[in-house]
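# A closer look at the structure
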Protein chains: 2
Amino acid sequence: MSCALCDTPGGKLLWQDDFCRVVRADEPDYPGFLRVILNAHVMEMTDLSPTEQQDLMRVVLATEATLREVMAPDKVNLASLGNVVPHLHWHVIPRFADDPHFPNPVWGAKLRDTPHAAPANLDAQLAASLIRLLAPAPGKESR
Amino acid sequence: MSCALCDTPGGKLLWQDDFCRVVRADEPDYPGFLRVILNAHVMEMTDLSPTEQQDLMRVVLATEATLREVMAPDKVNLASLGNVVPHLHWHVIPRFADDPHFPNPVWGAKLRDTPHAAPANLDAQLAASLIRLLAPAPGKESR
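Keep in mind that this is a model prediction, so the values were computed, not measured.

## Considering the nonpolar core
For soluble globular proteins, nonpolar side chains are generally found buried alongside one another. Formed by 60 residues in total, the largest nonpolar core has its most connected members in Leu56 and Trp90 of chain A together with Leu56 and Trp90 of chain B. For Trp90 of chain B, the residues in contact, after removing those within four places along its chain, are Leu78 and Trp90 of chain A together with Leu34, Arg35, Val36, Met45, Leu56, Met57, Val60, Leu78, Ala79 and Ser80 of chain B.

Okay, here's the thing in structure tokens:
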């Protein structure tokens, strides 16, 4: 089984290991829209083992922490949908009271035209934060 | 701080402990639309401790497993948004190729009028499955 997320990174690569990767999506309305993508082609969270579920959520929540650190959003939205591409991936989206859809989901009705401004050098800041937050604890092997 | 999810169950109560609860939402288009709601008023997953994060995801994923067992959906959608009510709650939504929005998110454009049929006695089936899947392992204390 192969799909778009098997064959392409799915965005600008910010962090990766042998299990999953973090990319910045190409979403002009949301410059800090990140995705955590499982490398293997698996459909549902409950198709993973409990350890794999925890490993993936650790990366999803480190990605949330990175967005809070770098962009200080008013809210973070997390979602695993996969109706179009049934390959496990999490949307991790920084939301701001003045962003194009707030308080609607980004998939709902658009209310404004201008994205919330993003920091200069966004990719480098996000990547540096992810590397630090996802570093293995001293004395522990990486996964 | 108090809000609608502090003051009301937020749906038909199917399972609860002292940490969180599982309710069936009042969403006529989606008879199996469940929510996992933290009892405490906390905004983001990264405001919880790592143990609390794991405890909450264990219930979210048992809820996904329950929906797969009882309704056999084509896909499960998971989301923690909270833009309107910033009190941690997870949407756990069974999706079917013939449901009103598929393959769009349930917050996107509606494509059909009729919900996918739900089993008779749905609440009882969901509650029984949740109780079984969330039972503490023998010899282990409940949380």
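## What about the interface of chain B and chain A?
In this complex, chain B contributes 31 residues to the contact, which on the side of chain A involves 31 residues. Overall, the association of chain B and chain A removes approximately 2700 Å² of surface from exposure, summing both partners, and the carbon and sulfur fraction of that is 55%. Taken together, the links from chain B to chain A amount to 4 salt bridges. Taken together, the elements giving at least two residues each to the side of chain B that touches chain A come down to helix H2 (50-71), strand S4 (75-80) and strand S5 (89-95) of chain B. The element best represented in the side of chain B that touches chain A is H2 of chain B, accounting for 7 residues.

## A few points about the packing of aromatic side chains
Inspection of every chain in the model, using the stated rule, returns 2 aromatic pairs over all chains. Ring geometry for Trp90 of chain A versus Trp90 of chain B: centroids 5.8 Å apart, planes at 85°, classification edge-to-face. Of this pair, Trp90 of chain A sits in strand S5 (residues 89-95) while Trp90 of chain B sits in strand S5, on two different chains. Summarising the burial analysis for this pair, Trp90 of chain A and Trp90 of chain B share the class buried. Residues Trp107 of chain A and Trp107 of chain B carry aromatic rings whose centres are separated by 6.1 Å and whose planes lie at 25° to one another, so their mutual orientation is stacked. Here Trp107 of chain A, found in the loop between S5 and helix H3 (122-133), pairs with Trp107 of chain B, found in the loop between S5 and helix H3 (122-133), and the two come from separate chains.

## Details of the pairing of strand S3 (residues 34-38) of chain A
Residue and element names in this part refer to chain A. Most of S3 sits out of view: 5 of its 5 residues are buried. Side chains Leu34, Val36 and Leu38 of S3 all project onto a buried face; the interleaved residues Arg35 and Ile37 project onto the opposite face, where all are buried too. Pairing analysis gives 4 bridges linking S3 to S5, with the strands arranged antiparallel. Residue pairing across strands places Ile37 opposite His89, the latter belonging to S5.

## Structural notes on H3 of chain A
All names here are of chain A. With 12 residues, H3 extends 16 Å from end C-alpha to end C-alpha; this agrees with the ideal 16 Å at 1.5 Å per step. Every buried residue of H3 is listed here: Leu122, Asp123, Leu126, Ala127, Ser129 and Leu130. Along the axis of H3, the buried positions cluster into a sector of 165°, meaning they face one direction only. Where the residues of H3 are buried, they touch strand S1 (12-16), strand S2 (20-24), S3 and helix H2 (50-71).

## Overview of the relation of the copies chain B and chain A
Overlaying chain B with chain A gives an RMSD of 0.0 Å, the required rotation being 180° about an axis along which the chain moves by 0.0 Å. The symmetry that links the two subunits is that of a two-fold axis. Closest approach to the rotation axis within chain B is made by the C-alpha atom of Ala79 of chain B, at a distance of 2.0 Å. Looking at the interface residues of chain B, 100% of them are also at the interface in chain A, so both copies use one shared face.

## Examining the side chain of His91 of chain B
All names here are of chain B. Considering the arrangement of structural elements, one finds His91 in strand S5. Here Arg35 takes part through its side chain, which lies 3.1 Å from a polar atom of the side chain of His91. Among residues more than four places away in sequence, those in contact with His91 are Phe33, Leu34, Arg35, Asn77, Leu78, Ala79, Leu81 and Trp107.

Reading the values: rules and limits
- By convention here, each chain's residues receive numbers from 1 onward along its written sequence.
- Whichever chain is written first becomes A and whichever ligand is written first becomes 1, with later ones labelled in order.
- Thresholds applied to this predicted model are a pLDDT of at least 70 for local features of residues and 80 or more for the giving and counting of side-chain atom pairs; totals over whole chains, interfaces and linings are not thresholded and use all residues.
- Working from all heavy atoms in the structure, the side-chain values ignore hydrogens and water.
- The criterion is simple. A nonpolar core is a set of buried Ala, Val, Leu, Ile, Met, Phe, Trp, Tyr and Cys residues joined through side-chain atoms within 4.5 Å.
- Think of it in three bands: with a 1.4 Å probe and only protein chains considered, a residue is buried below 20% of the maximum accessible area for its type, exposed above 50%, and partly exposed in between.
- In this description, contact between two residues means that some pair of their heavy atoms is separated by no more than 4.5 Å.
- Summed over both partners, the accessible area lost on bringing two parts together, with a 1.4 Å probe, is the buried area.
- Here, a salt bridge means any side-chain nitrogen of Lys or Arg that lies within 4 Å of a carboxyl oxygen of Asp or Glu.
- Comment: elements are numbered from the N terminus, with helices defined as DSSP H or I runs of at least four residues and strands as E runs of at least two.
- Only centres within 6.5 Å qualify two rings of Phe, Tyr or Trp (six-membered ring in Trp) as a pair; their planes then separate them into stacked at under 30 degrees, edge-to-face at over 60, and tilted for everything else.
- Any two strands with at least two DSSP bridges between them are considered paired.
- The span you would expect from a helix comes to 1.5 Å times its residue count less one.
- By definition, the arc is the one covered by directions from the helix axis to the C-beta atoms.
- Only residues with pLDDT of at least 70 in both copies count here: their C-alpha atoms drive the least-squares fit that superposes the copies.
- For the purposes of these results, a polar contact is taken to be a pair of N or O atoms within 3.5 Å, where, inside protein, one atom must be able to donate a hydrogen and its partner to accept one; residues adjacent in sequence count only when each atom of the pair is a side-chain atom.

Nothing here speaks to function; it is all geometry.
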